[in-house]
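Coordinates in review
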Amino acid sequence: MKRLLSAFLYLLVLAFPLSARIDNPDDFFDEAQGLCVSGRYAEAIDMLTRLYDEVDSDPDQLSLKARAAMQIGIIYFFMQDYDSALLYYEKARAGAEQMGSVTGVSTACINIGNIYQIRGDFNKALELYNECLSYHEENGDIDIIASARFNIATCYEDMGRERDAYDGYCEASDLAAQGTDRETESVSLMNMALFESTHGMREKSDAHIHRSIQIAEENNMLQVLHQANLVHMKMHEESGDYKSAYEVSLKVQSLADSLFRAESMEQLNEFQVRYDTREKEAQIEIQNAVIKNERRVIILVLLAAVLLGGIAFMQFRFRDLERRRRQMLEEINATKDTFYSIISHDLKNPVNAQNNALRMMDENFDLLPADKAGVLGTSQIIRVSQGTP
């Protein structure tokens, strides 16, 4: 009976689970990233947080756990929730350290440093950027080193240390040119040109701003190209070359229009992605609902089968017990009949002998003396012994 109840409860839990288990964490992570791309940040955070909490910390899943934490931190950062971003960046860093991933640790250090820099804690930010450098100067990851040098330069600039910032941008530009990070190279050259223009180094500033614009154009980086042309226009204005400044301003206006169109198209694409995502999610929800209903029907059928089987088993047991009881009663009655038959057979001869003796006494009663006849007549004794009145 206990086993039957346990099976019933187990099937009931399968039919109505408290929460769905994450069957494929990688697909779950990709789905959360899709929500993030479509601008549904709250839903993406919920999914990634659940993934982070439920995924095991074994070596096979630790990388996914760290990536989920990093993605949550990035979302919070763009939402300007820096406290939450810092919390998950630290979790991502801890996971990367546990895995021994230098790239993961350094990326987390740069992101954490960005938060401290925004908050004005420049010394802490510089400490983290330099920590990132110490990781990668050993294995020679040029792009990450260039990015760290660029961040150090921006930190110096925020601190008002313009010369140190300029030296940092020069170093970041040279490193980025050796690697593949064209954006860091172009922005570094643009900042170098701005510094050189304000300090009377006209030839260098012109060369660097033209190179920055060229890189941005070759790599179709409209935002960087727009910023570089704004700097170029400002440089012409400061030098008194208003004609060139006007010509560059036309480029700036054209780039602004292009950026607006690009942003509009990006928004349209984003809306389309959101629509497609919601439509697919609706289809998935319908399919999941159908699967859940079918699963519940199957489980309920199994439950009914278990209950019916249990009832049939109990009925079989009751019938078996009733059969055994009747069999025992029959055996007891047969034993009684045998016992009574033996007794009646054993008593039959003595009783018959007594009856014959009494009958003889009755027939010869007149021959007996009066004091020997007794109180009762032998005829009455015989009737009593035979059970007749």
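The structure contained in this document is the topic of the report that follows. Keep in mind the model is a prediction, meaning the values are calculated, not measured. (Residues numbered from 1 in each chain as written. Predicted model: local features only at pLDDT ≥ 70, side-chain atom pairs only at ≥ 80, totals over all residues. Heavy atoms only, no water.)

Regarding helix α10 (residues 182–198)
If you check α10, its first and last C-alpha atoms are 25 Å apart, about what 17 residues at 1.5 Å a residue would give, namely 24 Å. In the segment just after α10, Gly200 is the residue with positive phi, at about 75°. (Helix = DSSP H or I, 4+ residues; strand = E, 2+ residues; numbered from the N terminus. Expected span 1.5 Å × (residues − 1).)

Points about the packing of helix α2 (residues 25–37) against helix α3 (residues 41–54)
At a minimum axis separation of 8 Å, α2 and α3 run at an interaxial angle of 160°. Accordingly, the angle class assigned to the pair α2 and α3 is roughly antiparallel. Relative to α3, α2 is oriented so that their crossing is left-handed. On α3, the residues touching Pro25, Phe28, Phe29, Glu31, Ala32, Leu35 and Cys36 of α2 are Tyr41, Glu43, Ala44, Met47, Leu48, Arg50 and Leu51. For the contact of α2 with α3, a count of residues per class yields 11 nonpolar, no polar and 3 charged. (Axes fitted to C-alpha atoms, helices over the stretch in contact; angles between N-to-C directions. Parallel < 35°, antiparallel > 145°, perpendicular 65-115°, else oblique. Left-handed = near helix turned anticlockwise from the far one by under 90°. Contact = heavy atoms within 4.5 Å. Nonpolar A, V, L, I, M, F, W, Y, C, P; charged D, E, K, R; others polar.)

Concerning the pattern of salt bridges
Once the charged atoms of two side chains with opposite charge are near each other, the side chains can pair. Following the criterion strictly, the structure yields 12 salt bridges and no others. Here Arg161 and Asp164 are joined by a salt bridge, their closest N and O atoms 2.9 Å apart. A relative accessible area of 30% means that Asp164 is categorised as partly exposed. Within the structure, one salt-bridge network assembled from shared partners comprises Arg93, Glu97 and Glu131. (Salt bridge = Lys/Arg side-chain N within 4 Å of Asp/Glu carboxyl O. Buried < 20%, exposed > 50% of the residue type's maximum accessible area, 1.4 Å probe, protein only.)

Side note on the packing of aromatic side chains
Summed over the entire model, instances satisfying the criterion amount to 6 aromatic pairs. Both rings, one in Phe150 and one in Tyr169, keep their centres 5.6 Å apart while their planes meet at 55°; by these two values the pair is tilted. In this pair, Phe150 sits in helix α8 (residues 142–158) while Tyr169 sits in helix α9 (residues 162–178), placing the two residues 19 residues apart along the sequence. Through pairs of rings, three or more aromatic residues link up here, namely Tyr52, Tyr76 and Tyr88. The ring of Tyr52 carries Lys65 above its face, with NZ or CZ at 4.4 Å from the centroid. When the ring centre of Tyr116 is taken as reference, the NZ or CZ atom of Lys124 above it lies at 5.9 Å. (Phe/Tyr/Trp six-rings, centres within 6.5 Å; stacked < 30°, edge-to-face > 60°. Lys NZ or Arg CZ within 6 Å of the ring centre and 35° of its normal.)

Overview of the side chain of Gln71
Take Gln71: it is sitting in helix α4 (residues 59–78). Those residues in contact with Gln71 that lie beyond four places of it in its chain are Phe29, Gln33, Cys36 and Leu48.

Side note on the nonpolar core
Counting 72 residues, the largest nonpolar core has Leu48, Leu51, Tyr89 and Ile209 as the members making the most contacts within it. The element contributing the most residues to this core is α8, with 9 residues. Those residues in contact with Tyr89 that lie beyond four places of it in its chain are Met70, Gly73, Ile74, Phe77, Ala108, Asn111, Ile112 and Ile115. (Core = buried A, V, L, I, M, F, W, Y, C linked by side-chain atoms within 4.5 Å.)

Structural notes on the packing of α10 against helix α11 (residues 202–218)
Where α10 meets α11, the axes come as close as 8 Å, and the angle between the chain directions of the two elements is 155°. When the axes of α10 and α11 are compared, the pair comes out roughly antiparallel. The crossing of α10 and α11 is left-handed. Contacts between α10 and α11 pair Arg182, Glu185, Ser186, Leu189, Met190, Met192, Ala193, Glu196 and Ser197 from the former with Lys204, Ser205, His208, Ile209, Arg211, Ser212, Ile215 and Ala216 from the latter. Split into classes, the residues belonging to the contact of α10 with α11 amount to 7 nonpolar, 5 polar and 5 charged.

Quick notes on the state of the cysteines
Summed over all chains, the structure comprises 0 disulfides. Cys109 supplies the cysteine sulfur nearest to Cys132, a cysteine that is in no disulfide, at a spacing of 6.3 Å. The class of Cys132 is buried, set by a relative accessible area of 1%. (Disulfide = S-S within 2.5 Å.)

Description of the side chain of Ser173
For Ser173, the position within the fold is in helix α9. Taking the relative accessible area as the measure of exposure, Ser173 reaches 5% and is therefore buried. Dropping the residues within four chain positions of it, Ser173 is found in contact with Glu185, Ser188, Leu189 and Met192.

A short note on the environment of Ala256
Looking at the secondary structure, you find Ala256 in helix α13 (residues 242–363). Owing to a relative accessible area of 27%, Ala256 belongs among the partly exposed residues under this scheme.

Some words on a nonpolar patch on the surface
Side chains of Phe313, Met314, Phe316, Phe318 and Leu321 sit close together on the surface and give an oily, nonpolar patch of about 540 Å² of accessible area. With respect to the helices and strands, the residue Leu321 is situated in helix α13. (Patch = residues over 30% accessible without salt bridge, like charges linked within 9 Å, V, L, I, M, F, W, Y side chains within 5 Å. Areas by Shrake-Rupley, 256 points an atom, 1.4 Å probe, with all protein chains shown as cover.)

As for unusual backbone geometry
With a phi angle near 65°, Gln80 is a residue other than glycine that sits in the positive phi range. Note that Gln80 resides in the loop between α4 and α5 (82–99). On the basis of relative accessible area, Gln80 is assigned to the exposed category, the value being 59%. With a phi angle near 55°, Asn220 is a residue other than glycine that sits in the positive phi range. Mapping Asn220 onto the fold places it in the loop between α11 and α12 (222–239).

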